[in-house]
Each structure stands twice: as structure tokens, then as C-alpha cells.
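Architecture at a glance
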Amino acid sequence: MLDRNLVATQPELVADTLRRRFASPEAFALLEELSTAIGRRRALSTQTDELRGERNRLSKEIGPLLKAGRTEEATPLRAKVQEQADQLSAIEAELKAIEEQERLALLSLPNLLDPRVPQGRDEASNVEVRRSGEPPGFDFAVRDHVAIGEALGILDIERAGRLSGARFPLLRGAGARLERALINFFLDAALDAGYTEHVVPYIVNAETMTGTGQLPKFEADLFKLEGELNGGRAYLIPTAEVPLTNLHRGEILDEASLPLRYTAFTPCFRSEAGSYGKDTRGLLRQHQFHKVELVQLCTAEQGPVQHEEMVAHAESLLSRLGLTHRTMLLCGGDIGANARICYDLEVWLPGQQAWREISSISWCGDHQGRRMGSRYRPAGGGKPEALNTLNGSGLAVGRTLVAILENHQQADGSVTVPEVLRPYMGGQERIQRG
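Residues numbered from 1 in each chain as written. Predicted model: local features only at pLDDT ≥ 70, side-chain atom pairs only at ≥ 80, totals over all residues. Heavy atoms only, no water.

**So, the pattern of salt bridges**
Definition in use: In what follows, salt bridge is the name for a side-chain nitrogen of Lys or Arg lying within 4 Å of a carboxyl oxygen of Asp or Glu. Under the DSSP-based scheme used, a helix requires at least four consecutive residues in state H or I and a strand at least two consecutive residues in state E, with every element numbered from the N terminus. Burial classification: accessible surface area is computed with a 1.4 Å probe over protein chains only, and a residue below 20% of its type maximum counts as buried, one above 50% as exposed, and the rest as partly exposed.
On inspection of all chains with the given rule, the structure shows 27 salt bridges. R40 is paired through a salt bridge with E94; the nearest N and O atoms lie 2.9 Å apart. One end of the pair, R40, is in helix α3 (residues 25–67); the other, E94, is in helix α4 (residues 71–108), and 54 residues separate them in sequence. Look at R40 and you get partly exposed, because its relative accessible area is 38%. Here E100 and R103 are joined by a salt bridge, their closest N and O atoms 2.9 Å apart. With E100 and R103 both in helix α4 and three residues apart, the pair spans about one turn of that helix. Looking at E100, the relative accessible area reads 33%, which means it is partly exposed. Several salt bridges converge on common partners, so that one network encompasses E128, R131, E134, R326 and E346.

Right, here's the structure in full:
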């Protein structure tokens, strides 16, 4: 969430970010309402201080008058004190309502953008930073992952549909083992890079979802439990970013312990609200999928360096899998609400003849840290400061499996297993119809 003082003193800076994000008119109206509320709260706070000061002064006069038996002189002063008490009560009620209005507005406004974020309304304005390899050529008719997987008997879209409806996966045999191999490979690589592995809850409460920015604005994208859990609202996680980032909610850490690097493999659950008609074939856009998530908690000074480190790590995974990929710097109109700056890693899919996102790696500044009340104590002393957070896929497992099937397909219908995955598949070099 944004710093209230920043909104009060630099509203044009926030408005500029909204313009660069091509935000809705409602977002600009929310900023205006927030600025008005902050001004009103400050005026009421000043009025409260003045009333309390006057009430205290009059109260000091009343005591001696009563003690001296001068009741007639004390009575109007007592009436004035009661009037001021009633005014203070009304002001405090208004202040409470304004503070809640401010809180909800601050939770709903997007993060400030980094100056490096390119101008642009949508993905057409994203900037290619670098590329590894070129799209492979084939001397046979290329098939997409659905055709490959069904022919090999490792993917069953029809039976998945019977079980759950559209946008759910069902892998079997070597397909299921390939998925598990990718999970273990990604986790081992993260451990080698200094990340601490976690097994986290897959159901979290509303406070946790609020901490990372899914609530209140993006509730439609979540799967919410129908009944209460432990006395409150609860949701299936859309990514391990949510529980990992919230691990230190409400805590104050020592700067010397930073950066913290966390990873977890989890299933991810997303309603995909508003995405109907997009990437509906196969495994590209699912309600349930697997992902190995990378999260870092650090200082503002460490943030940019750790961001580049995370991007390089994800790129290395794709290179080791022999997958052509490119790194895109997202423009203001395409970047997520929590991110200050974000890189998307896109992999080439021959069966789609298109680039598809396989990892999105964001530096969120102190936007989530402020929401969570997560702070660190500077080594040189001073007041605790909000933690900076970073998150990214390392990698999205299903999309990586899609990329392997399509990029490593062979003329005879088999698929070559990338060398780095073979130890995780019992030495298997090729997936073919059994």
C-alpha cells in the first residue's frame, strides 16, 4: 500500500503513476477522494487538539470555583465542557470513519512505478531486454502439446473435463513423472541458489490475502471457501507468493538478516475471471496448476540487485532445459498492481507459433511490506522501515512441460527428455508411446 504521507504531500506523483498505468477513471476518483479524506482528517485532528486543550483549561477553572462555593460561575463552564465533550465524541466518530475510508483507498490504489518502466498501454509496448536462442526449425509438421500428449497417452483432456470441467489437467505415466521431475529440478536449483524450502498452507485467511494485495481489489480472481474457516473468510492460494511473503507479517527483522530467500512448491488455484476465450486449449491457462515460487525480503537498497538476481536464476533454468526464451520489461499498462517493475520471461512454443509467459518476476518495493506491517530495523539505528518484497516463478511447471513437449518433439512423435531432467526420470531419455 502507498504511504499516506506521500499521497498527502505528492498526490501528483501518484496521479502520474495512474496515468502511466492507464488506470480507470475510478482509480483517479479514488485518489481524489483519498486526498480529500486526508485533508479532512488533518483538519479534524487539529480541531480535536484545540478542543481538548480548551476543555482541559476550563476543567482546571471549574475545580477551584466549586471549592470556593461559586457554583453559579462554574455551571456555565461545566455546560461548555460537556458541549466540548459531545463535539469531541462526534469528531472521533467521523475520524474513525475517515481512517477506514483512507485504509480501503490505500489498499486499492496500485504501487508507484519505477522510472525504468516503459510507457505503453498493453503488451505490445513491452520491451525485449535480451533473448537466448532462436525459435527451433523442424523438417516435419509441428504439433501442439495437446496433440503430442494425447498421442503419447500422457495427457487426457477429455477425462479431466469429466472430473472437473474445463481448464483442469490430467497427466499420466511419463507425463506425470515429467511434471514431478520439473518440480524437483526447480526446487533443487532454488536450494543451490540459497533459497530456503518451505511447505506452506494452501488455504489462507483474508488478512494474508490482503497482505500481498489480492484483497480487496482482486477477490474475483480467487477461489473463496463457502464456509468460514477458523472464524473467518478463507481462500485457496493463487500462488505460493501469498503465504511465503506473509511469513513475517507484523514482525520487525534485523537488517543483518536480509535478504531472506524463500521457495515453495504448491498447487495454485485461480478463477481466471475475465480471461474466458484466452488460451483455452490444453494446459496454458488452468484453474489448477503447479508452480515453484521464489520470494525475497530485503531492504530498498538491496531490491534492484536482488531483482536482477532472481531474473538471472529463472533464465538459467530455461537455458538448462534447452528452451528458447526472451526477457521482457513490462510497460506501465501491462504491469501488475503490486509491482514497481516487472520482467516477464517468455518461452517460444512451436505448436502455437507464439511467445508465452512462463515466469513473471516483480520487485514490489515496500508496497506489500507496508500492507503486512513487515519491517526491518536499520543496522545504523533509527526507526524501523517497511520491508521490500520480490516474487517470481522459478518456474511455472505446467507451462514448462508444454514448452518441453513442443520444443523437443521428434518426427516419430516421441519427445526428447532434456538432459538435466533425466536423473529425475530414472535415466529416461525419450518419452514415446508405450
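Now that the structure is up, let's keep going.
**Some details on the environment of S125**
Spelled out, the test is: Residue contacts follow a heavy-atom distance rule, with two residues in contact if any of their heavy atoms lie within 4.5 Å.
Take S125: it is sitting in the loop between α4 and β1 (127–132). Through-space distance from the C-alpha of S125 to that of A256 is 39 Å; in sequence the pair is 131 residues apart. Residues in contact with S125, not counting those within four places in the same chain, are P118, Q119, G120 and C331.

**Some details on the packing of aromatic side chains**
Short version of the rule: The aromatic pairing rule takes the rings of Phe, Tyr and Trp, using the six-membered ring of Trp, and pairs them if the centres are within 6.5 Å, calling planes under 30 degrees apart stacked, those over 60 edge-to-face and the rest tilted.
Scanning the model with the defined rule gives four aromatic pairs in all. Between F138 and F140 the ring centres are 5.4 Å apart and the planes differ by 70 degrees, which places this aromatic pair in the edge-to-face class. The exposure class assigned to F138 is partly exposed, which follows from its relative accessible area of 25%. Residue class for F140 comes out partly exposed when judged on its relative accessible area of 22%. Measuring from centroid to centroid gives 5.4 Å for W348 and W355, while their planes differ by 65 degrees, and the two rings are edge-to-face. Comparing W348 with W355 shows no difference in burial state: the two are buried. Among the aromatic residues, those joined into a cluster by ring pairs are F185, F186 and Y424.

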